[in-house]
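Residues per chain, in single letters:
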Amino acid sequence: MTTLKSKLHDDLTAAIKARDELRSSTLRLTLSAVAYEETAGKEARELSDDEVLKVIVREAKKRREAAEAFDKGGRADSAERERAEGEVLSGYLPQQLSDEELTAIVAAAVAEAKAAGAEGPKAMGAVMKIVKPKVGDRAEGGRVAATVKSLLAG
């Protein structure tokens, strides 16, 4: 069985051989983030695939936020690079939910929370508790929260 970490290593080797600078540097940074995570605790340990996936999700989010910051700062070339790195990482993430799928899950959760008596600001937390396990890594937290807010306001 191939672990996600060994797949990253294999893909890095292939990218280096292919002289794919973007891919190899992105995978190198991601693998160092994984290595850092493995040594961050009291004792070094091997990360599970789920933990490696969380690192990749975090790295992809950093790229997206950096791209937005570069766009605001008028640095289109740097923003483009960050987006390209994010694309490389998205290949390792679970298939993301479409807006329609996410809205359907959130709408059901809003109905469930309201049926359970959640009102006002407390409803947000109640809905998020229902949505999070159903969505998992298939949609970023900020995107989920924005959808929840808009449906609660609606």
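You'll find the structure just up there.
Visitor: Whenever I open this one, the overall build of the chain confuses me. Can you help?
Guide: Helix and strand counts for the chain stand at seven helices and zero strands. For the chain, the N- to C-terminal ordering of α and β elements is α-α-α-α-α-α-α. C-alpha extents for the chain along the principal axes are approximately 55 × 40 × 30 Å. When the 154 residues of the chain are sorted by exposure, 34% land in the buried category. When the accessible surface of the chain is summed, it comes to about 9400 Å², and 56% of that surface belongs to carbon and sulfur atoms. Computing the positive centroid from 26 side-chain charges and the negative centroid from 27, the chain places the two 3 Å apart.

Visitor: Looking at this structure, how should I read the environment of leucine 31?
Guide: Here leucine 31 lies in helix α2 (residues 21-40). Given the relative accessible area of 9%, leucine 31 is considered buried. Each C-alpha atom, one on leucine 31 and one on aspartate 11, is 11 Å from the other, the two residues being 20 residues apart in sequence. Ignoring anything within four residues of it in the chain, the contact list for leucine 31 reads Lys5, Leu8, His9 and Leu12.

Visitor: Would you explain the packing of α2 against helix α3 (residues 49-72) in this entry?
Guide: When two helices pack together, their arrangement is captured by the angle between the axes and the distance separating the axes. Two numbers describe how α2 lies on α3: the axes approach to 10 Å, and their chain directions differ by 130°. The pairing of α2 with α3 is recorded here as oblique in orientation. Seen from above, α2 lies across α3 with right-handed handedness. The segment α2 lies against α3, with Thr26, Leu29, Thr30, Ala33, Val34 and Glu37 engaging Val52, Val55, Ile56, Arg58, Glu59 and Arg63. Split by residue class, the contact of α2 with α3 holds six nonpolar, two polar and four charged.

Visitor: Help me out: how do you make sense of the pattern of salt bridges in this one?
Guide: Pairing between side chains of opposite charge can happen when their charged atoms approach one another. Per the stated rule, a full pass over the model turns up 16 salt bridges. Across the pair glutamate 59 and lysine 62 runs a salt bridge whose closest N-O atoms are separated by 3.1 Å. With a gap of three residues between them, glutamate 59 and lysine 62 both fall in helix α3, about one helical turn apart. One continuous salt-bridge network, built from bridges that share partners, spans Glu21, Glu59, Lys62, Arg63, Arg81 and Glu85.

Visitor: Looking at this model, I keep getting lost on the environment of glutamate 38. Mind explaining?
Guide: Following the sequence through the fold, glutamate 38 ends up in helix α2. Residues glutamate 38 and alanine 84 lie 46 residues apart in sequence; the distance between their C-alpha atoms is 26 Å. In this view, glutamate 38 contacts Lys5, Glu43, Ala44, Arg45, Glu46 and Leu47; residues no more than four positions away in its chain are not counted.

Visitor: Can you walk me through the nonpolar core in this structure?
Guide: Nonpolar side chains in soluble globular proteins tend to end up buried together. By size, the foremost hydrophobic cluster in this structure holds 18 residues, and its most contacted members are Leu102, Val127, Val131, Val135 and Val144. For this core, the elements supplying multiple residues, two or more each, are α5 (99-115), α6 (120-135) and α7 (141-153). If we skip the residues at most four places from it in the chain, leucine 102 touches Leu97, Val135, Ala139, Arg143, Val144 and Thr147. Of all hydrophobic cores here, the second largest spans 17 residues; its members include Leu27, Leu47, Tyr92 and Leu93.

Visitor: What is the right way to look at helix α4 (residues 76-90) in this model?
Guide: An α-helix turns once per 3.6 residues; consequently, residues spaced three or four apart project the same way. Compared with an ideal rise of 1.5 Å per residue, which puts 15 residues at 21 Å, α4 spans 21 Å between its outermost C-alpha atoms and is within 8% of the ideal. All of the buried residues in α4 are Ser78, Ala79, Glu82, Glu85, Gly86, Val88 and Leu89. If you follow the buried residues of α4, they end up packed against α2 and α3.

Rules used in this analysis
- Residues numbered from 1 in each chain as written.
- Predicted model: local features only at pLDDT ≥ 70, side-chain atom pairs only at ≥ 80, totals over all residues.
- Heavy atoms only, no water.
- Helix = DSSP H or I, 4+ residues; strand = E, 2+ residues; numbered from the N terminus.
- Buried < 20%, exposed > 50% of the residue type's maximum accessible area, 1.4 Å probe, protein only.
- Areas by Shrake-Rupley, 256 points an atom, 1.4 Å probe, with all protein chains shown as cover.
- Lys, Arg positive; Asp, Glu negative; His and termini not counted.
- Charge placed at Lys NZ, Arg CZ, Asp CG, Glu CD.
- Contact = heavy atoms within 4.5 Å.
- Axes fitted to C-alpha atoms, helices over the stretch in contact; angles between N-to-C directions.
- Parallel < 35°, antiparallel > 145°, perpendicular 65-115°, else oblique.
- Left-handed = near helix turned anticlockwise from the far one by under 90°.
- Nonpolar A, V, L, I, M, F, W, Y, C, P; charged D, E, K, R; others polar.
- Salt bridge = Lys/Arg side-chain N within 4 Å of Asp/Glu carboxyl O.
- Core = buried A, V, L, I, M, F, W, Y, C linked by side-chain atoms within 4.5 Å.
- Expected span 1.5 Å × (residues − 1).

Any functional reading would require information beyond the geometric quantities listed.
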